[in-house]
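Architecture and fold: a report
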Amino acid sequence: MTGFENFIGFNPWTALFTLLNMVLTFLILKKFLFKPVQKMIDDRQKEIDDLFADAEAAKTQAEGMRKDYEARMQEAHVASAEIVRKATSDANRRGEEIIKEAKDEAGAIRDKAMRDIALEKKRALNEVKSDISQIAMDIAEKVVERELNADDQQALIEGFIRQMGDSQ
């Protein structure tokens with residue numbers, strides 16, 4: 001069993017050497033392996049965090065752009081509604097102007113027709129007066145040619161009235 005005791009046996013110098021070897025290996029690994037690996041992991045984590053931050057900023061910016069787009073679309077709808085309202089208002093106003101102009105023109109035509117009618121009436125009256133004057137002159141000539149008694153005068157007046165009725 002000696003071989004077994006040697007195999008299981010405890011040698012303090014070997015244990016100390018093994019412990020120092022393990023600590024030294026740990027320190028070397030820490031210095032040359034763990035620190036660079038940890039630095040690489042930290043850098044990668046920072047890169048991932050930056051990507052998330054950039055993505056969040058892009059999302060925020062996209063949301064702002066969407067809100068700006070919606071606001072502009074709302075403004076465009078309001079502006080188009082205003083343009084349609086203004087066009088309708090202008091068309092109604094222009095229609096009213098056209099109707100007013102037509103009424104004014106019709107009134108002017110009617111006034112001109114009334115003036116023409118009055119002028120024609122005046123001419124007709126002047127012609128009638130001229131005809132009456134001529135008839136009166138004719139009657140006066142007949143009266144002067146002969147002396148009238150009451151019966152002749154009555155017959156002459158009735159003939160004059162008949163003649164006036166025929167000429168109209």
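Just so you know, these numbers come straight off a predicted model, no measurement behind them.

**Thoughts on the overall build of the chain**
Helices and strands together make up the secondary structure of the chain, namely 3 helices and 0 strands. Mapped in sequence order, the helices and strands of the chain form the string α-α-α. Looking at the chain as a whole, 2% of its 168 residues qualify as buried. For the chain, the exposed area adds up to about 15300 Å²; of that, 62% sits on carbon and sulfur atoms.

**Re the pattern of salt bridges**
Applying the stated criterion across every chain yields a total of 15 salt bridges. For arginine 72, the salt bridge identified is with aspartate 68, shortest N-O distance 3.3 Å. Of this pair, arginine 72 and aspartate 68 both sit in helix H2 (residues 12-145), 4 residues apart, roughly one helical turn. The exposure class of arginine 72 is exposed, given its relative accessible area of 55%. Relative accessible area serves as the criterion here: at 37%, aspartate 68 is assigned to the partly exposed category. Among the ionic contacts, a cluster of salt bridges with common partners joins Lys86, Asp90, Arg93, Arg94, Glu97 and Glu101.

**Regarding the packing of aromatic side chains**
Counted by the stated rule, this structure contains 1 aromatic pair. On the basis of an interplanar angle of 55° and a centroid distance of 6.3 Å, the ring pair of phenylalanine 26 and phenylalanine 34 is categorised as tilted. Residue phenylalanine 34 is classed as partly exposed on the basis of its relative accessible area, which comes to 41%.

Conventions used here
Residues numbered from 1 in each chain as written. Predicted model: local features only at pLDDT ≥ 70, side-chain atom pairs only at ≥ 80, totals over all residues. Heavy atoms only, no water. Helix = DSSP H or I, 4+ residues; strand = E, 2+ residues; numbered from the N terminus. Buried < 20%, exposed > 50% of the residue type's maximum accessible area, 1.4 Å probe, protein only. Areas by Shrake-Rupley, 256 points an atom, 1.4 Å probe, with all protein chains shown as cover. Salt bridge = Lys/Arg side-chain N within 4 Å of Asp/Glu carboxyl O. Phe/Tyr/Trp six-rings, centres within 6.5 Å; stacked < 30°, edge-to-face > 60°.

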